[in-house]
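Structural overview
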Amino acid sequence: MSNRIAPKLLAEFIGTFAFVFIGAGAAAVVGDGVGLPGIAAIAVAHGLTIMVFAFAYGSISGGHMNPAVTVGVFAAGAMGFGEAIGYIASQLIGGIAGALFLSAILGGAATGLGTPALAHNLALGATSLTITPAAGFMIEAVLAFFLVTVVLSTAVAGRAGNLAPLAIGMTLTLNIIMGGALTGAAFNPARAVGPMVATGNFSDAWLYLTAPIVGAIIAAILHTALARLAQERMAAPAPGSAAATPAE
């Protein structure tokens, strides 16, 4: 491991460790069935953690703390393959370590440790809703798409300056307020795998691992396409103008 990559991998490990410990910890402490106030509290815990550690480590590693974000950044051509693999490994290890530490603090896996799960018989007004795996896949993919789009358009493209971590943290918060009761709103393989390993509950693990990656890749493709269209539009001559030709 080179001295150049080591600080980045350490930053990703620490940031993801904190994200799972605080985010999943908030979900475990607040618990299920607490309505919008409880979901909002969990969402804020996740959003603030991402925001503060993105501020802390953004200049070192970019503050991904999510394998889906790393895949999106790689797919957009903003990082190399080897570096992306290192990031993902550090994030997954950090997520598992955070969940295991959380398990030790809370005295075991009985609380669920914030493991994401698809909703069953969720009360919505006068009806109830059960999220199928197919619907859960689409929800997780869309939420990851939103997050990676914001990351690429702010932190990577540099459009938000020093406020990029704020935009990213707010996106995470809004995503969880919407999807928390439906799928647990992980949209982060490290956030999902950590509690799964700590509890031994791997229900719908394939969904939580693959859906965010699909959403991230779609976000990267659209981000790249929009960037190219914008460049072509800037390079195109103004309407009504004609290319200068030598006088005959």
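Residues numbered from 1 in each chain as written. Predicted model: local features only at pLDDT ≥ 70, side-chain atom pairs only at ≥ 80, totals over all residues. Heavy atoms only, no water.

1. Considering the overall build of the protein chain
When its secondary structure is counted, the protein chain shows 8 helices and 2 strands. Ordered by position from the N terminus, the helices and strands of the protein chain form the series α-α-α-α-β-β-α-α-α-α. Viewed in the frame of its principal axes, the protein chain has a C-alpha envelope of about 90 × 55 × 30 Å. Pairs at least 24 apart in sequence give 75% of the contacts found in the protein chain among residues at least 6 apart. As displayed, the protein chain has an accessible area near 12,200 Å², and 70% of this comes from carbon and sulfur atoms. Each charge class in the protein chain was averaged separately, 6 positive and 7 negative side chains, and the resulting centres sit 8 Å apart. (Helix = DSSP H or I, 4+ residues; strand = E, 2+ residues; numbered from the N terminus. Contact = heavy atoms within 4.5 Å. Areas by Shrake-Rupley, 256 points an atom, 1.4 Å probe, with all protein chains shown as cover. Lys, Arg positive; Asp, Glu negative; His and termini not counted. Charge placed at Lys NZ, Arg CZ, Asp CG, Glu CD.)

2. Some words on empty space enclosed by the protein
Per the stated rule, a full pass over the model turns up 1 cavity of 30 Å³ or more. Residue lining of the largest cavity: 14 residues in total, with I50, H64, V69, L147 and I168 positioned closest to the centre. Mapped onto the lining of the largest cavity, the elements with two or more residues apiece are α5 (133-156) and α6 (164-183). Tallying contributions element by element places α5 first for the lining of the largest cavity, with 3 residues. (1 Å grid on protein atoms, 1.4 Å probe; cavity = no way out; pocket = protein on both sides within 12 Å on 5 of 7 lines; lining within 4 Å. Points joined across faces, edges and corners; volume = space filled by probe spheres on them.)

3. Remarks on the layout of surface pockets
Put simply, the second largest pocket is a space of about 390 Å³. Lining the second largest pocket are 21 residues, and of these G58, S61, G62, H64 and A155 sit closest to its centre. Contributing elements (two or more residues each) for the lining of the second largest pocket: α2 (35-61), α4 (81-106), α5 and α6. Ranked by residue count, the leading element in the lining of the second largest pocket is α2, at 5 residues. Split by residue class, the lining of the second largest pocket holds 12 nonpolar, 7 polar and 2 charged. (Nonpolar A, V, L, I, M, F, W, Y, C, P; charged D, E, K, R; others polar.)

4. Regarding a nonpolar patch on the surface
On the surface, a cluster of nonpolar side chains totalling about 380 Å² of accessible area is made up of V29, F101, I105 and L106. Sort the elements by how many residues they give to the nonpolar patch and α4 lands first, with 3 residues. Structurally, F101 is set in helix α4. Judged by its relative accessible area of 41%, F101 is partly exposed. (Patch = residues over 30% accessible without salt bridge, like charges linked within 9 Å, V, L, I, M, F, W, Y side chains within 5 Å. Salt bridge = Lys/Arg side-chain N within 4 Å of Asp/Glu carboxyl O. Buried < 20%, exposed > 50% of the residue type's maximum accessible area, 1.4 Å probe, protein only.)

5. Quick notes on unusual backbone geometry
Phi angles above zero are rare outside glycine, and M65 is one such case at about 55°. Residue placement: M65 occurs in the loop between α2 and α3 (67-75). The backbone phi angle of D204 is positive, close to 55°, even though this residue is not glycine. On the secondary structure map, D204 appears in the loop between α7 (189-199) and α8 (205-235).

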